[in-house]
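# Fold and geometry: a report
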Amino acid sequence: QVQLVESGGGLVQAGGSLRLSCAASGRTFSSYAMGWFRQAPGKEREFVAAISWSGGLTYYAKSVKGRFTISRDSAKNMVYLQMNSLKPEDTAVYFCATKRGVHSRVPGEYDYWGQGTQVTVSS
């Protein structure tokens, strides 16, 4: 199995920046993708960004495109989410997840999840 641990969440003012990290350990796949999702209270878990590991291809939700950047460090088995120009509506618990094969925007298609890290953006 794969273990994922998120870190880097916290409280930030609107317009500020924050970088989330996700450390992965355990068995690896020959082909896989990593994704970031978020969930606000009373809302469904929604896709934020994903990256195909080998090729580094990235994908973003429309709501964060141009503000967030997903990246990877293959040697360290880490994935990051750089969040700039944060808005109050970005407030949520952020999760990293992984799946076999190509990326997906659907939470249920991911195989392993971290515990989440809280991001709060004040107005």
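A few words on the pattern of salt bridges. Applying the stated rule across the entire model yields 3 salt bridges. The residue R38 makes a salt bridge to D90 at a minimum N-O spacing of 2.9 Å. Here R38, found in strand β4 (residues 32-39), pairs with D90, found in the loop between β8 (78-83) and β9 (92-100); they are 52 residues apart in sequence, far enough to count as distant. Residue class for D90 comes out buried when judged on its relative accessible area of 1%. Across the pair R67 and D90 runs a salt bridge whose closest N-O atoms are separated by 2.8 Å. Within this pair, whereas R67 is found in the loop between β6 (58-60) and β7 (68-73), its partner D90 is found in the loop between β8 and β9, the two being separated by 23 residues in sequence. Residue classification places R67 among the buried residues on the basis of a relative accessible area of 11%.

Thresholds, definitions, all that
- Residues numbered from 1 in each chain as written.
- Predicted model: local features only at pLDDT ≥ 70, side-chain atom pairs only at ≥ 80, totals over all residues.
- Heavy atoms only, no water.
- Salt bridge = Lys/Arg side-chain N within 4 Å of Asp/Glu carboxyl O.
- Helix = DSSP H or I, 4+ residues; strand = E, 2+ residues; numbered from the N terminus.
- Buried < 20%, exposed > 50% of the residue type's maximum accessible area, 1.4 Å probe, protein only.

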